[in-house]
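Observations on the three-dimensional arrangement
Here's the letter readout for the chains.
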Amino acid sequence: MSEKKKLDLNRVSMPKQEPLVRKKNFSEVALGYTEEQALREASRCIQCKKSSCIDGCPVDIDIPGFIRAISEGNMPEAVRVLKDKNSLPGICGRVCPQETQCEMTCALAKKGAPIAIGRLERYVADWERYHPEIIGQQKNCARFNGKRVAVVGSGPAGLTCAAELAKLGYGVTIFEALHVAGGVLMYGIPEFRLPKDIVQAEANYVRSLSEEIKFDQVIGKIATVDDLLGNGFDAVFLAPGAGAPMFLNIPGENLSGIYSANEFLTRTNLMKAYAFPEYDTPIKVGKEVVVFGGGNVAMDASRCALRLGAGKVYIIYRRSRVEMPARAEERDNAEEEGIVFKLLTNPKRFIGDEQGRVKAVELYEMELGEPDESGRRRPIPKPNTEFIMEIDTAIVALGTRPNPIIPSTTKGLELTRWGTIITDDATGRTSKEGVWCGGDMATGAATVISAMGAGKRAAVDIDAYLQGKS
Amino acid sequence: MYRILDREDLTSEIHLLKIEAPGVARKAQAGQFIIVRIDEKGERIPLTIADWDGKEGSVTIVFMEVGTSTRKLAVLNTGDSIVDFVGPLGRPTEIEQFGTVVCVAGGFAIATIVPIARAMRKAGNRVVSIMGFRTKDLVFWEERLGSVSDELIVTTDDGSYKRKGLVTEPLKELLQETRIGRVIAIGPTVMMKFCSLTTKPFGVKTIVSLNPIMVDGTGMCGCCRVSIGGETKFACVDGPDFDGHEVDWDLLMKRQRTYLDEEKESLELWKKKMAGAIVNE
Ligand SMILES: Cc1cc2nc3c(=O)[nH]c(=O)nc-3n(C[C@H](O)[C@H](O)[C@H](O)COP(=O)(O)OP(=O)(O)OC[C@H]3O[C@@H](n4cnc5c(N)ncnc54)[C@H](O)[C@@H]3O)c2cc1C
Ligand SMILES: Cc1cc2nc3c(=O)[nH]c(=O)nc-3n(C[C@H](O)[C@H](O)[C@H](O)COP(=O)(O)OP(=O)(O)OC[C@H]3O[C@@H](n4cnc5c(N)ncnc54)[C@H](O)[C@@H]3O)c2cc1C
Ligand code: SF4
Ligand code: FES
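Treat the numbers as computed from the prediction; the structure is a model and nothing was measured. (Residues numbered from 1 in each chain as written. Chains lettered and ligands numbered in written order. Predicted model: local features only at pLDDT ≥ 70, side-chain atom pairs only at ≥ 80, totals over all residues. Heavy atoms only, no water.)

Some remarks on the site of ligand 3
By nearness alone, every residue bordering ligand 3 is listed as C45(A), I46(A), C48(A), S52(A), C53(A), P64(A), C106(A), A107(A), I115(A) and I117(A). Looking at the shell around ligand 3 residue by residue, the classes come out as nine nonpolar, one polar and no charged. (Near = heavy atom within 4 Å. Nonpolar A, V, L, I, M, F, W, Y, C, P; charged D, E, K, R; others polar.)

Put into structure tokens, the structure is as follows:
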């Protein structure tokens, strides 16, 4: 072998459950690298001086650093480097869209074979979970500095902000509306893509750093933001996500058997309706299921429906495949499992039976016109193309918008016309003194890692503010 | 965990639990509800706040045994705990001076209408309450509702106690005899529907407390959607109180029946478990 290593362009693929097997279970689809596979993939990294991968990472992980530690077989070091910048690596390694972030800016991307950074990140996080005796809970928190911060919401933005502030010595209390921590990671993203014990392990790590996570606390109802500020909290970080579902607003949409994706996924993932009647929450799926939308949420809902026993599941999307906002990997997984894509198709109305259950949907075809504000070609209805499709269940996955409970009960918070809280992106500051915001509530529905980045930036600014003030 | 401080059986099927929940007790207002999850495998079900005590830090709920969750609740005793108790949710009932207010209640709602009648009276209204039961054995809280009303009318379907007939009959008479500023009707869906139909020709605004199936109770799932004057609303955040003349009752009743088969299956399993538990003792 020559001194200079030859470029290895064989990306190590991810072992997965076979489509025919996995479509019948809720176990994780991607199985994770073996040690040998991880070493092989890590050794492909050429350790660039100007590591362009880091430019693509919203939380500035020292990517070549942790990859080097893997290839040197120093796993505790890999964990340390990774966790230095990311307190939820087992989650990010699984659900971040690396193909548009670090893997897109990786030097080897130009050769069509970027390092599989996400898969390696996952490998390191999983290694840590299997070796708690080696790492232990790395709790290097500063001593309590006498100041308290309330964090509202325990999704990725809230958890990250809480962890960062706790490390700096703040007394952090997280207020969560639901009965578990994790936000969308628990109620939205399904078990087969993100096992819930991993979310809980990472949430428990944050919990071990902070003072407390209080569940069943709907802020705006049991206490307002002003109540928090008046009762011993020096600052409030708002991270309640964008949880309110959007509907199609077409006739028949309130028939039974028509779910928002939020309801369908919450029943399935959070309430474990897939284990009904052992668990008390029911869900109805039937034989023919249609899912409206083209994003990750639509993919997740359709793949859940399949696993709950649906005979045939269709994704109905009004644009074409290239405009689908879902991650390519998840779209391909869905197709492999047998989900049928009906593209350039839109619903007109739902038709019910005498019991008020949905029995059919009227659809029509679309075609693509000129690009719209989003840069994607605008879909336009094709006249006289209506047709009826018989269905048992419909799931509407059109996206979500902010829940007004907090804004409507907090004086002095300025909102955008979409209902998101106006927030300075660099600091997370809102128009209200002592109140910061981040994650989907500030940006509208986005990604796990962008929510985490916002949580981090807010923690830095809250610290600066509270120190300056003292 | 939320501890049960007290339990009382109001009838053989209607029970009262007083729960330790200081945060909820501090903020509760008449007409709001809470969501409970009884155990780790439980579903989330909404129940109206029937009473609260800020000093003691307690919230009282009154419920009727219908399916698995309410039966699971019914076997709990003082000192036991439930895993989740979320609230206070929903908008409070609009309390203002309307003149004469008629409060109509049936079934478990006799208990939940008490704080509303109390608040209406405190706001300077003359409160006439009508409570309806199927039969004499099911009558409860006659005195309690009476103590917060200026006038109380009790009906039984079979005439075994006080006035025979449905609540809509005395309601209609009142509407014919006096000027009524507002009607509040809470109880089984059919009862609320017929009260609304009764008041409609008189043009008296009638507030009903809708009870669609819910999951989160915070506006996140859309399971609780109801149609009000042709517009879709989420009962958990936009309600549960709505103008009874605007409600699409047919839709509400159909949506309530979405899981009839599953509810039956779940109840069978629970009954089997309970039978097993008794055998094992
Ligand atoms: C089905 C689905 C799949 C997705 N897949 C991906 C993916 O593969 N990759 C990716 O990067 N992103 C994905 N996303 C998007 C991503 O999950 C979100 O962008 C991210 O979770 C936002 O984080 P957050 O912390 O802002 O809010 P959330 O995760 O929404 O958490 C907010 C938390 O606040 C709580 N809360 C809300 N209101 C209150 C209140 N009033 N008081 C107290 N607590 C409150 C909520 O219960 C929740 O726990 C997906 C989203 C969905 C719905
Ligand atoms: C805002 C609101 C306030 C309520 N207040 C009271 C109260 O104070 N006392 C009382 O006895 N009942 C109340 N209810 C009704 C109560 O929630 C249901 O009786 C209970 O959920 C039934 O659960 P189950 O498992 O015992 O019965 P199941 O056998 O599961 O269901 C019986 C019927 O109850 C309804 N139901 C089932 N699941 C739910 C759910 N998750 N949410 C709502 N309804 C459901 C359905 O229509 C169903 O057909 C209220 C409902 C709402 C929406
Ligand atoms: S850009 Fe790619 S090859 Fe270079 S250090 Fe980062 S991961 Fe390794
Ligand atoms: S119960 Fe989920 S939105 Fe009302």
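Overview of the site of ligand 2
All names here are of chain B. Taken together, 24 residues are adjacent to ligand 2, and P46, T48, M64, S69 and T70 come closest. M64 places a main-chain nitrogen or oxygen 2.8 Å from an oxygen atom of ligand 2. With respect to ligand 2, the backbone of Q256 contributes an N or O atom lying 3.0 Å from an oxygen atom. For ligand 2, the accessible surface in isolation is 860 Å², of which the surrounding protein chains cover 89%. Mapped onto the shell around ligand 2, the elements with two or more residues apiece are β4 (44–53), β5 (58–64) and α2 (68–74). Counting residues per element, the shell around ligand 2 draws most heavily on β4, which supplies five residues. Here the residues of the shell around ligand 2 sort into 13 nonpolar, eight polar and three charged. (Polar contact = N/O pair within 3.5 Å; in protein donor to acceptor, adjacent residues only side chain to side chain. Areas by Shrake-Rupley, 256 points an atom, 1.4 Å probe, with all protein chains shown as cover. Helix = DSSP H or I, 4+ residues; strand = E, 2+ residues; numbered from the N terminus.)

A few points about helix α14 (residues 261–270) of chain A
Residues and elements named next belong to chain A. Of all ten residues in α14, ten are buried; the element is thus mostly enclosed. Of the positions making up α14, those classed as buried are A261, N262, E263, F264, L265, T266, R267, T268, N269 and L270. Structurally, α14 contributes buried residues whose contacts are with α11 (184–187), β5 (244–245), β6 (258–260), α15 (296–307), β14 (393–396) and β15 (400–401). Once α14 finishes, K272 follows within two positions and takes phi at roughly 55 degrees, a positive value. (Buried < 20%, exposed > 50% of the residue type's maximum accessible area, 1.4 Å probe, protein only. Contact = heavy atoms within 4.5 Å.)

Regarding the packing of helix α5 (residues 168–177) of chain B against helix α6 (residues 189–199) of chain B
Residues and elements named next belong to chain B. Where α5 contacts α6, the two axes come as close as 10 Å, and the packing angle between them is 25 degrees. As judged from the angle between their axes, α5 and α6 are roughly parallel. For α5 against α6, the interelement crossing comes out right-handed. Where α5 approaches α6, its residues T168, L171, K172 and L175 are matched on the opposing element by F194, C195, T198 and T199. A breakdown of the residues in the contact of α5 with α6 according to their chemical character gives four nonpolar, three polar and one charged. (Axes fitted to C-alpha atoms, helices over the stretch in contact; angles between N-to-C directions. Parallel < 35°, antiparallel > 145°, perpendicular 65-115°, else oblique. Left-handed = near helix turned anticlockwise from the far one by under 90°.)

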